[in-house]
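Report on the structure
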Amino acid sequence: MTTVIPLHAEAAAGCSTAPVLRERGQREVFCGLTGIVWLHRKIQDAFFLVVGSRTCAHLVQSAAGGMIFAEPRFATAIIDERDLAGLADAQEELDRVVTRLLERRPEIRTLFLVGSCPSEVIKLDLARAAQRLSQRFAPAVRLLNYSGSGIETTFTQGEDACLASLVPTLPPLAAGAAPGLVVVGALPDIVEDQFARLLADIGIAPVKFLPARHAAEMPAVGAGTRFLLAQPFLADTAKALEGRGARRIAAPFPLGIEGTTRWLEAAAAAFDIPASRVARVTEAARTRAGAALARQRPALQGKTVFFFPDSQLELPIARFLARELGMQVLEAGTPYLHREHLADELALLPAGTRLSEGQDVDRQLDRCRAQRPDITVCGLGLANPLEAEGLTTKWAIELVFTPIHGYEQAADLAELFARPLRRRELLSA
Ligand code: SF4
């Protein structure tokens, strides 16, 4: 049986004005270095040099897992304990590492120096180093810097910091050029290709993506450029683009059939293209996705889900699970709640959903244990103990590593939740 999603039903107030539980206690999240795992795959002529400790090297390498077999496009320059007097040496050492790397890897066009937490690294002025080295290696290579430090960033904020560092380097819009649309947020190539086709068929042109796969293809921006966020964690990038005169198109995020349709409609409306055209262009994909979701629904309908704050994707995914699969969201926790960027998501979330921002991990664990959800979305550190207590968990990191955006991936996103529930049923049978 297929449930029809009322795309334009009044979203009532949803959670637009719902109270948000704000917690500022101990948190359990990955740091922004994690973003390197998907960003290095996306920007194919970039290299990520983490300036950090052995812990940072370990995190990036273990998170990147199997791909280290190929010659990787990331590395860690390990800065050992030094006193302040050693800082000049550290700069020289960084110059040496960068020079050696660029001699060995002439295909690199963008080199990101990625900062981390150790105090020796915080004392290093990476912005100045990037500037100095950019001058030395211009125009072949551009050096940029951002922080992936766990003190400043969570998990997906590393991508925001990386993209925000790219914005000042984007070329200006040529005089007389059509400003077009920029889709912002790293998407797997397969998803990017699907969106590029749909947007072209809808009649929007030119459409560019940030980040592009190669340095030479990065989009131009200027007054009149419209941009559409593909990810909900890009606050700094959006601000930087607005600083260059671009304007954000307000929309929910392209997760699930409803989110994707509304996202495309918002883009179309910004270019004066009617929703009827979007409906025509997307009909086949919506039908396919509807049939695929119908197969997942029996496993998920009526089940309860609890989100610990991790990827910042929690609200759009909670909206998808509630509205398209009939799940009940007990708590949607998010590390940061950007009210403006998430306004459409909040309006769509069923009224009464408990929202929390930030974390006080022990208190949140108490709430989770008291409610015993059918599935709990959390980080790796919490998953094992909760599983041991008989709760079924889903690792938040998988939501970022798996293609989940767009029509063709809607059922894959549902499957990520259905699979652990099936496994638990088998185990307890
Ligand atoms: Fe490195 Fe800090 Fe991340 Fe640990 S939290 S891996 S020290 S950047």
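See the structure above.
Reference entry: report on the structure contained in this document.

Here's the deal with the packing of helix α7 (residues 189-202) against helix α10 (residues 275-300)
Following both chains from N to C, one finds α7 and α10 inclined at 135°, their axes separated by 9 Å at the closest point. Between α7 and α10, the interaxial angle falls into the category oblique. At the point where α7 passes α10, the crossing takes the right-handed sense. Of α10, the residues touching α7 (which contributes L198, D201 and I202) are R277, V278, V281 and T282. Looking at the contact of α7 with α10 residue by residue, the class counts come to 4 nonpolar, 1 polar and 2 charged.

Remarks on α7
With 14 residues, α7 should reach 20 Å at 1.5 Å per residue; the first-to-last C-alpha distance of 20 Å fits that figure. When we look at burial in α7, the residues that qualify are V191, E192, Q194, F195, L198, L199 and I202. One face of α7 carries all of its buried residues, which in axial projection span an arc of 160°. Packing partners of the buried residues in α7 comprise α1 (36-42), β6 (181-184), β7 (207-210), α9 (256-270) and α10. One or two steps after α7, the chain reaches G203, where phi turns positive at roughly 110°.

Remarks on the nonpolar core
In this structure, F112, I317 and F417 are the most contacted members of the largest nonpolar core, which totals 101 residues. Excluding residues that lie within four positions of it along the chain, I317 makes contacts with L255, F307, L399, I404, L413 and F417. Ranked by size, the runner-up nonpolar core spans 21 residues in total, among them V98, L102, I108 and L113.

The rules we used
- Residues numbered from 1 in each chain as written.
- Predicted model: local features only at pLDDT ≥ 70, side-chain atom pairs only at ≥ 80, totals over all residues.
- Heavy atoms only, no water.
- Axes fitted to C-alpha atoms, helices over the stretch in contact; angles between N-to-C directions.
- Helix = DSSP H or I, 4+ residues; strand = E, 2+ residues; numbered from the N terminus.
- Parallel < 35°, antiparallel > 145°, perpendicular 65-115°, else oblique.
- Left-handed = near helix turned anticlockwise from the far one by under 90°.
- Contact = heavy atoms within 4.5 Å.
- Nonpolar A, V, L, I, M, F, W, Y, C, P; charged D, E, K, R; others polar.
- Expected span 1.5 Å × (residues − 1).
- Buried < 20%, exposed > 50% of the residue type's maximum accessible area, 1.4 Å probe, protein only.
- Arc of directions from axis to C-beta.
- Core = buried A, V, L, I, M, F, W, Y, C linked by side-chain atoms within 4.5 Å.

Shape is all these values report; function is a separate question.
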